[in-house]
Amino acid sequence: MELLLAIAVMALGAVVLGAALGYASIKFKVEGDPLVEKIEAILPQTQCGQCGYPGCKPYAEAIANGDEINKCPPGGAEGVQRLADLLGREVKPLDAEEKPKQIAIIDENTCIGCTLCIQACPVDAIVGAAKQMHTIIAQQCTGCELCLPPCPVECIRMAAIGENIDNWKWKYPVVEIKAMPLKEAA
Amino acid sequence: MLMNLFKFKGGVKPPTNKTQSLTLPIAVAPLPSRLVVPLHQSIGGTPRPVVQAGDKVLKGQLIGEADGWISAAVHAPTSGTVLEVAMHVQPHPSGLDALCVVIEPDGQDEWIAREPVEYASLKPEEVRERLQQAGVVGLGGAVFPTHGKLTASKTVPMDELVINGAECEPFITCDDLLMRERAEEVVRGIGIFRDLLQPKKVLIGIEDNKPEAAAAMRAAVDALQEPFLVVQVPTLYPAGGAKQLIRVLTGKEVPASKRSTDLGVQCFNVATAYTAWRAIAHGEPVVSRLVTLTGNVAEPRNYEVLIGTPMDELLALAGPKADTDGIVMGGPMMGFLVPQASVPVVKATNCLIAHSAKLFPPKAPEMPCIRCGSCAQACPHELQPFEMYWFSRAKNFGKTQEYHIFDCIECGCCSFVCPSRIPLVQYFRFAKSEIWAREREKNAADQAKIRFEFKQHREEREKAEKAEKLAKAAAAQAAKKAAEAAAAAAAEAAGSTPPDSAAAPVATAVDAEIDPKKAAIAAAMARAKAQREAAQPKNTAALTPAQQQEIADIEARREAGSRSEDQGSSAALAPPTSPATTADTSTPPSRS
């Protein structure tokens, strides 16, 4: 009798807990893969395809499924570092050369207005119409270089974004700033 | 009148070194050989140049048009010729270039037609507009466009207007001299701010080491019968910081995340009030400011200097001593060594200190932090600089924000007291600019993502729309063909039994509504068939009846032969093309 009671109690407990777990798994179900979202937040969203995937999200999915973390040149070594931190993987050197951030510039005199670059731009950063001059919206350009190959007249070039007063950063205080000698005041 | 003052925690008392430059009255600096006027002299949008090389300009003429509401116009400081609009090194710690208008003075110093207006007749928005057009910005050092600060919060009543005449930084005396010599116009300027903001109280805070300035201001306030309160605050660096002065005078503490208007208080510098009055009552835009020349010079003094004057030319007026090896813009606590001696004076330039190794001995090398806590005691914002230092140094920027690094005003008290001589402020500036850069990158990435996703969405939508359009066209086509085929069948029915070909298009037309793709294919096939049918009779169209008869005979024979050949097996499956050419070729097809 006692044996049966014990079994009944355990069985009841199992049913109750099982029901609770089942309920929780439905109630608190996580939509989508949170890991992919976290990875995607680290990727620079240039949508350049240099990783071999058609955009940052597919690459994020690929990383979540075990692909290498060092295939994103725009993210740079820092991006690899952050991905390694997130995923607990080893930091690997970038498998391509790291370039300074750049934007595309259309030589408007050469442009023939073919709209091929407009179709290629992943972020709609090129304005223009058929047989009209095209130009790049500098603020929106991610520097992905996808507009270079389709241009039939090679009028697009990449230019590095130089340092200016607006994007200048205070340097890590290691080197003492030395005073420049005052120009001889007449 | 006695008033209960509040206190801020911390603060330091560096040697003030103000007396040197107070002995002589304000002098007007002579015209320099050329003026380099940077276009971006205020917080906010960069003004667009409206002049080009070769243009003749008059003093006070607009040369840079404000870009957006938070932006202030820039004007020619004297009459002359524009030599170029080009990039020149800025008085900025980066030593980078920015767009400047270079003017060669003609020596006439001829004003544009100034339009003094009756201040009382102006509407508040007109006053703000005029201040923007006159390039009035905060001359205390932050150069925030003044008109942008002159709108009271809609929800919080404006309690106090604080006027900052504290001038706490060592060496600088330009506000002191301004109050002593031009108190009346300062007070009139404060009147403008008061009318726009409608505060309950106006408090003018002056450090108690400037009794002459306070006396002059009191006299001016009394003479103009204004209810302003001139309050002498204890001399303690950084009492002249806007947040500290607000704290001392009103007891209110402004966090980094809020604007002071949200707490019902607003703060302006005395020099800003002065330029506001000149702009409104005299129609004079901001083309000059007071600059203290001091430090390692023979004759320290305050000068009224045109914006754009090269610093080396200006400093020569005070006679820099032989061992001068640099120019510090601003005070010794918050100022910086300018990257080049020839950089121009800008609206933010309140003081130039001739730098020498004797005056500012080089700091001994940095030692490790011993966690003594002196910096935390000195911090006027009650922050913990040593903690922020650890995290800045380790580039752990998230943690620095947890320790409220953006509340740091970079006053330099912590570096001043640090026994290990750690350049704490430099670490904080580094951390702040890194955080800002990351923020910018993050925003750019988010934008790019949104645009990329939208583009994909749009492409898919376009594809779907195109397919739908095609399907509709195909369905219409198929329906048309079906009708035609039915008509043909009806016509043929008069002659011979119609083959089941007529039924097929009808069936496809019904299908078309179910499956657009199938319909498209069916329509294409129907079209091809129609073409074939149309093309076939063409060969025989121009023939004589005798020839036609002959052909008909041959066809009939061939038909009979083929029928006998595959009798029974494929007769039922015979292609629909063959029945069309059966016996009845004499009836000309209506479609040809």
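Note that this is a predicted model, so its numbers are computed, not measured.

Draft legend 1. Layout of the overall build of chain A. Scanning chain A from N- to C-terminus turns up five helices and four strands. The C-alpha atoms of chain A give 27 Å as radius of gyration, which overshoots the globular expectation for 186 residues (16 Å, by more than 25%). With respect to the principal axes defined by its C-alpha atoms, chain A has extents near 110 × 55 × 25 Å. Relative to its 186 residues, chain A shows a buried fraction of 31%. If you take every contact in chain A between residues at least 6 apart in sequence, the share linking residues at least 24 apart comes to 48%. Of the roughly 12000 Å² that chain A leaves accessible, carbon and sulfur atoms contribute 60%.

Draft legend 2. Layout of the sheet that holds strand 7 (residues 80-89) of chain B. Residue and element names in this part refer to chain B. Overall, antiparallel pairing links the four strands, which are arranged 2-8-7-4 in an open sheet. In this open sheet, the two edge strands, each paired with only one partner strand, are strand 2 (35-38) and strand 4 (56-57). Bridge count between strand 2 and strand 8 (residues 97-105): four bridges; the pairing is antiparallel. When the bridges of strand 8 are listed, Leu35 appears paired with Ile103.

Draft legend 3. Structural detail: the pairing of strand 12 (residues 265-269) of chain B. Residues and elements named next belong to chain B. Within strand 12, five of the five residues are buried, which leaves the element mostly enclosed by the surrounding structure. Residues Val265, Cys267 and Asn269 line one face of strand 12 and the alternating positions Gln266 and Phe268 line the opposite face, and both faces are buried. Of the pairings in the sheet, the one linking strand 9 (residues 160-164) to strand 12 comprises five bridges and is parallel in character. If you follow Asn164 over to strand 12, its bridge partner there is Asn269.

Draft legend 4. Inspection of the interface of chain B and chain A at higher detail. The interface is formed by 41 residues belonging to chain B together with 36 residues belonging to chain A. Counting the surface lost from both chain B and chain A, the interface buries some 3300 Å², and carbon and sulfur atoms represent 60% of this. Between chain B and chain A we count five salt bridges in total. The closest approach of N and O atoms between Arg438 of chain B and Glu78 of chain A, which form a salt bridge, is 3.3 Å. Mapped by element, the contributors of at least two residues to the side of chain B that touches chain A are strand 8, helix 7 (311-318), strand 15 (326-329), helix 9 (385-393) and helix 12 (424-495) of chain B. Element by element, the count of residues in the side of chain B that touches chain A is highest for helix 12 of chain B, at 19 residues. Of the residues that constitute the side of chain B that touches chain A, the class distribution is 17 nonpolar, 10 polar and 14 charged.

Draft legend 5. Quick look at a nonpolar patch on the surface. A cluster of nonpolar residues, Leu3, Leu4 and Ile7 of chain A, forms a patch on the protein surface that exposes about 340 Å² of accessible area. If you trace the backbone, Ile7 of chain A turns up in helix 1 (residues 2-27).

Draft legend 6. Here's a closer look at helix 4 (residues 76-87) of chain A. Residue and element names in this part refer to chain A. For helix 4, spanning 12 residues, the distance from its first C-alpha to its last is 17 Å, which sits close to the expected 16 Å at 1.5 Å a residue. The complete set of buried residues in helix 4 reads Gly76, Gly79, Val80, Leu83 and Ala84. Down the axis of helix 4, the buried side of the element spans an arc of 135°, and every buried residue falls inside it. In this fold, the buried residues of helix 4 make contact with helix 2 (34-42) and helix 3 (56-64). Immediately downstream of helix 4, the backbone of Gly88 shows phi near 65°, a positive value.

Draft legend 7. Focus on helix 6 (residues 270-281) of chain B. All names here are of chain B. Look at helix 6: 17 Å from first C-alpha to last across 12 residues, which is about the 16 Å you get at 1.5 Å a residue. Burial of helix 6 is extensive: 12 of the 12 residues sit out of reach of the surface. Turning to helix 6, its buried residues number three or more, namely Val270, Ala271, Thr272, Ala273, Tyr274, Thr275, Ala276, Trp277, Arg278, Ala279, Ile280 and Ala281. Structurally, helix 6 contributes buried residues whose contacts are with helix 1 (124-133), strand 9, helix 2 (174-181), helix 3 (183-197) and strand 12. Measuring from the backbone nitrogen of Ala271 back to the side-chain oxygen at the start of helix 6 gives 2.8 Å, which picks out Asn269 as the cap. After helix 6 finishes, the residue Gly283 shows a positive phi value of roughly 65°.

Draft legend 8. Region of the structure containing the confidence of the model for chain A. Looking at chain A as a whole, the pLDDT averages 87, with 94% of positions reaching at least 70. Taking the mean pLDDT of every element in chain A, the minimum, 88, falls on helix 2 of chain A and the maximum, 94, on helix 1 of chain A.

Draft legend 9. View of the side chain of Asp67 of chain A. All names here are of chain A. The residue Asp67 is located in the loop between helix 3 and helix 4 in this model. Only 2.5 Å separates the side chain of Asp67 from the side chain of Tyr53, close enough to count as a polar contact. Ignoring any residue separated from it by four or fewer positions in sequence, one finds Asp67 in contact with Tyr53, Tyr59, Ala62 and Arg89.

Draft legend 10. View of the domain arrangement of chain A. All names here are of chain A. If you check the domain split of chain A, you get domain 1 (34-87) and domain 2 (100-162). Domain 1 and domain 2 are separated by 25 Å when their C-alpha centres are compared. Around 350 Å² of area is buried between domain 1 and domain 2 when both sides are counted, 58% of it from carbon and sulfur atoms. Per-residue buried area on domain 1 facing domain 2 is highest for Thr46, Gln47 and Cys48; these three make up 83% of the total on that side. Applying the counting rule to domain 1 against domain 2 returns zero salt bridges. Linking domain 1 to domain 2 there are one residue pair in polar contact (both at pLDDT 80 or more). Across the side of domain 1 that touches domain 2, the residue classes break down as one nonpolar, four polar and no charged.

Draft legend 11. A look at the packing of aromatic side chains. Inspection of every chain in the model, using the stated rule, returns 11 aromatic pairs over all chains. Directly above the ring of Phe268 of chain B sits Lys149 of chain B, whose terminal nitrogen or CZ lies 4.6 Å from the centroid. Lying across the ring of Tyr172 of chain A, Lys395 of chain B places its NZ or CZ 4.9 Å from the centre.

Draft legend 12. Representation of the confidence of the model for chain B in the model. The pLDDT averaged across chain B works out to 87; a share of 89% of its residues lies at or above 70. Across residues 568-592 of chain B the pLDDT falls below 50, and counting only partners more than four positions away or on other chains, this stretch makes 14 contacts in the model.

Draft legend 13. The environment of Ala27 of chain B, seen in detail. Here Ala27 of chain B is to be found in strand 1 (residues 27-28). Not counting residues up to four positions away in its chain, the partners in contact with Ala27 of chain B are Arg301, Asn302, Tyr303 and Glu304 of chain B.

Draft legend 14. The arrangement of the packing of helix 2 of chain A against helix 4 of chain A in detail. Residue and element names in this part refer to chain A. Where helix 2 contacts helix 4, the two axes come as close as 10 Å, and the packing angle between them is 160°. As far as their axial angle goes, helix 4 and helix 2 are roughly antiparallel. Where helix 2 crosses over helix 4, the handedness of that crossing is right-handed. Residues Leu35, Lys38, Ile39 and Ile42 of helix 2 form the contact with helix 4, whose participating residues are Gly79, Arg82, Leu83, Leu86 and Leu87. For the contact of helix 2 with helix 4, a count of residues per class yields six nonpolar, one polar and two charged.

Draft legend 15. Inspection of the environment of Ala354 of chain B at higher detail. All names here are of chain B. Mapped onto the secondary structure, Ala354 falls in strand 17 (residues 351-355). Along the backbone, Ala354 and Asp323 are 31 residues apart, and their C-alpha atoms lie at a distance of 9.4 Å. Setting aside chain neighbours within four positions, we find Ala354 in contact with Thr294, Gly295, Asn296, Val297, Leu315, Thr324, Gly326 and Leu359.

Draft legend 16. Region of interest: the nonpolar core. Residues and elements named next belong to chain B. Grouped together as the largest cluster of nonpolar side chains are 79 residues, with contacts concentrated most on Ile163, Ile190, Ile204, Met217 and Leu352. Sequence-distant contacts of Met217, that is, excluding residues within four places in its chain, are made with Met179, Ala183, Val186, Val187, Ile190, Ile204, Ile206 and Val230. Counting residues in hydrophobic clusters, the runner-up holds 22 residues, among them Leu96, Met388, Cys414 and Val425.

Draft legend 17. Structural detail: the packing of helix 1 of chain B against helix 6 of chain B. Residues and elements named next belong to chain B. Interhelical geometry of helix 1 versus helix 6 gives an angle of 105° and a closest axis separation of 10 Å. Between helix 1 and helix 6, the angle is such that the two are roughly perpendicular. Residues Val127, Arg130 and Leu131 of helix 1 lie in contact with helix 6, whose contacting residues are Ala276, Ala279 and Ile280.

Criteria and thresholds
- Residues numbered from 1 in each chain as written.
- Chains lettered and ligands numbered in written order.
- Predicted model: local features only at pLDDT ≥ 70, side-chain atom pairs only at ≥ 80, totals over all residues.
- Heavy atoms only, no water.
- Helix = DSSP H or I, 4+ residues; strand = E, 2+ residues; numbered from the N terminus.
- Rg over C-alpha atoms; globule rule 2.2 N^0.38 Å.
- Buried < 20%, exposed > 50% of the residue type's maximum accessible area, 1.4 Å probe, protein only.
- Contact = heavy atoms within 4.5 Å.
- Areas by Shrake-Rupley, 256 points an atom, 1.4 Å probe, with all protein chains shown as cover.
- Pairing = 2+ DSSP bridges.
- Buried area = accessible area lost by both parts, 1.4 Å probe.
- Salt bridge = Lys/Arg side-chain N within 4 Å of Asp/Glu carboxyl O.
- Nonpolar A, V, L, I, M, F, W, Y, C, P; charged D, E, K, R; others polar.
- Patch = residues over 30% accessible without salt bridge, like charges linked within 9 Å, V, L, I, M, F, W, Y side chains within 5 Å.
- Expected span 1.5 Å × (residues − 1).
- Arc of directions from axis to C-beta.
- Polar contact = N/O pair within 3.5 Å; in protein donor to acceptor, adjacent residues only side chain to side chain.
- pLDDT = per-residue confidence, 0-100.
- Domains from an automatic or database assignment.
- Phe/Tyr/Trp six-rings, centres within 6.5 Å; stacked < 30°, edge-to-face > 60°.
- Lys NZ or Arg CZ within 6 Å of the ring centre and 35° of its normal.
- Axes fitted to C-alpha atoms, helices over the stretch in contact; angles between N-to-C directions.
- Parallel < 35°, antiparallel > 145°, perpendicular 65-115°, else oblique.
- Left-handed = near helix turned anticlockwise from the far one by under 90°.
- Core = buried A, V, L, I, M, F, W, Y, C linked by side-chain atoms within 4.5 Å.

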